[in-house]
Amino acid sequence: MTLPLIDRAIAHENNIAIVASIGTFTYRDLRQTAAEIATNLLHQPADLQEQRVAFLIPPGFEYVATLWGIWQAGGVAVPLCVVHPRPELEYVIADSAATIIIAHPDFADRLRPIAEERNLRFILTSEYLPVKISPLPRIDITRRALILYTSGTTGKPKGVVTTHQNIQAQITSLVTAWKWTASDRILHVLPLHHIHGIINVLSCALWVGAECQMLPKFDAETVWQRIMAGNLTLFMAVPTIYVKLIKVWETADGELQKQMSAGCRQMRLMISGSAALPLPVLETWQNISGHFLLERYGMTEIGMALSNPLHGERLAGYVGNPLPEVAVRLVDENDNLVAPGMPGEIQVHSPSVFLEYWQKPEATARAFCDRWFRTGDFAIFEHGSYRILGRMSVDIIKTGGYKVSALEIESVLFAHPDILECAVVGIEDPEWGERVCAALVLRPESDLTLASLRSWAKERIATYKVPAQIVVVEELPRNAMGKLTKPSIAQLF
Ligand code: AMP
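Please read all numbers here as calculations on a predicted model, not as lab measurements.

Cut-offs used in this document
Positions within a chain are numbered from 1, following the residues in the order the chain's sequence is written. Confidence filtering applies because this is a predicted model: local features only for residues at pLDDT of at least 70, side-chain atom pairs given and counted only at 80 or more, and all residues used for totals across whole chains, interfaces and linings. Calculated side-chain values reflect all of the structure's heavy atoms, with hydrogen atoms and water omitted. Following DSSP output, two strands are said to pair if at least two bridges run between them. Only DSSP runs of H or I covering at least 4 residues are called helices, and only runs of E covering at least 2 are called strands; the numbering of each starts at the N terminus. Whether two residues touch is decided by their heavy atoms; if any such pair falls within 4.5 Å, the residues are in contact. Convention adopted: a line fitted to C-alpha atoms gives each axis, helices being fitted over their contacting stretch, and angles between N-to-C directions are expressed from 0 to 180 degrees. If even one non-hydrogen atom of a residue comes within 4 Å of a molecule or strand, that residue is called near it. In protein, a polar contact means a hydrogen-donor-capable atom and an acceptor-capable atom, both N or O and within 3.5 Å, with residues adjacent in sequence counting only if both atoms are side-chain atoms; elsewhere, any N or O pair within 3.5 Å suffices. Each aromatic pair joins two rings of Phe, Tyr and Trp (for Trp, the six-membered one) with centres within 6.5 Å, and gets the label stacked for planes under 30 degrees apart, edge-to-face for over 60, and tilted for any other angle. A 1.4 Å probe rolled over the protein chains alone gives each residue an accessible area, and that area as a share of the maximum for its type sets the label: buried under 20%, exposed over 50%, partly exposed in between.

**Some points on the sheet that holds strand S15 (residues 321-322)**
Read across the open sheet, the nine strands follow the order S2-S1-S10-S9-S11-S12-S13-S14-S15; overall the sheet is mixed. Of all strands in the sheet, those bounded by a partner on one side alone are strand S2 (23-26) and S15. In this sheet, S2 lies alongside strand S1 (residues 16-20) in antiparallel orientation, the contact comprising four bridges. Bridging from a neighbouring strand, alanine 20 pairs with glycine 23 of S2. Relative to strand S11 (residues 234-237), helix H9 (residues 239-251) is tilted by about 110°, and along the sheet it contacts S11 and strand S12 (269-272).

**Remarks on the site of the ligand**
Surrounding the ligand, one finds 16 residues, the nearest of these being His194, Glu295, Arg296, Thr300 and Asp377. One nitrogen or oxygen atom from the side chain of aspartate 377 is found 2.5 Å from an oxygen atom belonging to the ligand. Elements represented by at least two residues in the shell around the ligand include exactly strand S13 (294-299) and strand S21 (385-391). The biggest single contributor to the shell around the ligand is S13, with five residues.

**Looking at the packing of aromatic side chains**
The tally for this structure, following the rule as stated, stands at twelve aromatic pairs. Arranged with centres 6.1 Å apart and planes meeting at 80°, the rings of tyrosine 91 and tyrosine 149 form a pair that is edge-to-face. Residue tyrosine 91 is found in helix H4 (residues 86-95), and its partner tyrosine 149 is found in strand S7 (residues 144-150); the two are separated by 58 residues along the sequence. Accessibility expressed as a relative area gives 19% for tyrosine 91, which makes it buried. Overall, tyrosine 149 belongs to the buried group, its relative accessible area being 17%. Here the aromatic rings of tyrosine 402 and tyrosine 464 are separated by 3.6 Å at their centres, their planes lie at 0°, and the arrangement is stacked. Of this pair, tyrosine 402 sits in strand S23 (residues 402-405) while tyrosine 464 sits in the loop between helix H14 (450-458) and strand S26 (469-472); the two residues are 62 residues apart in sequence, bridging distant segments of the chain. Both residues of the pair, tyrosine 402 and tyrosine 464, count as buried. An aromatic cluster is built from Trp224, Phe235, Tyr242 and Trp285, whose rings are joined through pairwise contacts.

Listed below in structure tokens is the structure:
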């Protein structure tokens, strides 16, 4: 016996677990391959004892088997992001102090040099796996399981550490609220280095013995084909994905539109989260699909906290009420409860809340008020439901569901030889939620263009963090203290 998530798979061994581009795999296949991967990882120690294993594998069976294999070997999984350039991968590998890197052959060129430089064990997913499974360690659920990197208001991204117990609480809360069963079939279209894809979609499906169909990457046309195939029961995405699906539906001919819509109507539930769902998207999607999207609110550090009801009235623009086992409160700047009907910061207390920021005890301590996690998001409770009002920091940008730090992008842009000063802001955008925009002061002789800046930046940060728009100014707006005034900078766009 090892971990409940993995042990439970015995009960539905013959069910299909993963449908991927390379084939269809049952829970028996998954358990077997995960145990082989664990054995391979354990070729010297009997238990990885929370060594960090960073891995970069496109969505599919190998990703899932590797995640389970790391857990069964007693390791802490550190999923890397497939669209991150080398400096960002290197940062995560260094910060997590990973001792092992697992890579799909497609990423070997990007990762092998990092492993060699740091003298880390390097494993390719194409390597031959041991046939004989060795005894696997017993893993207590209070042990660390996962580190997900997330951007904050200061410095570089921080590693959010969750234990197996935290993950289990995140899963069971959603399984109960959204009534997952083994008959569910979900199409997975989300990144697998982020909580939404790893927990809400993948791990909830695996907990109940459901089928998870995985696309190697998001593509709106392919998603529609899968929806039209008509055998899905569930779909979860960020608002940007719904916008992209709407665009394809709107350009299809009438007959095709009918088939697309019919596919949606076969499903029992469609969910949106990770960023605010704009009202026009909710309404257009309802016309197309017949589904009033269930909007929920959550965060890497806390799992999911608030959700509209599965059955019962969902209010447009609201995120519902606390999920099972989750306590939510709204407080003022002194951490005192606000009066009923007044806005306040959301604080969360729940077994799903993370353990710590990896090796950042001060940041972890600052993030809590007693046992309550400070989300940094404002909300109001009205009409029997929570409504998200926004974030406390203008330096957190949500673009396409990704959380990015304006300060992190600024520090990269500062390294450009032509840039003297810069300020990054998020500007409202109908497709991306917010788009990353940069105001720049350039050297007088500079001929920097948006295109040349973007290709320079893409070598250093993920494409979704690269400014989509720039304005060049003589000087940046600052207050009397010399501090950048971000609202005035936003007005430049
Ligand atoms: P992440 O940790 O990347 O999932 O980002 C979490 C942040 O996304 C939260 O702190 C919120 O600012 C934002 N967020 C998540 N869900 C919603 C939602 N339904 N409405 C508005 N903002 C959301």
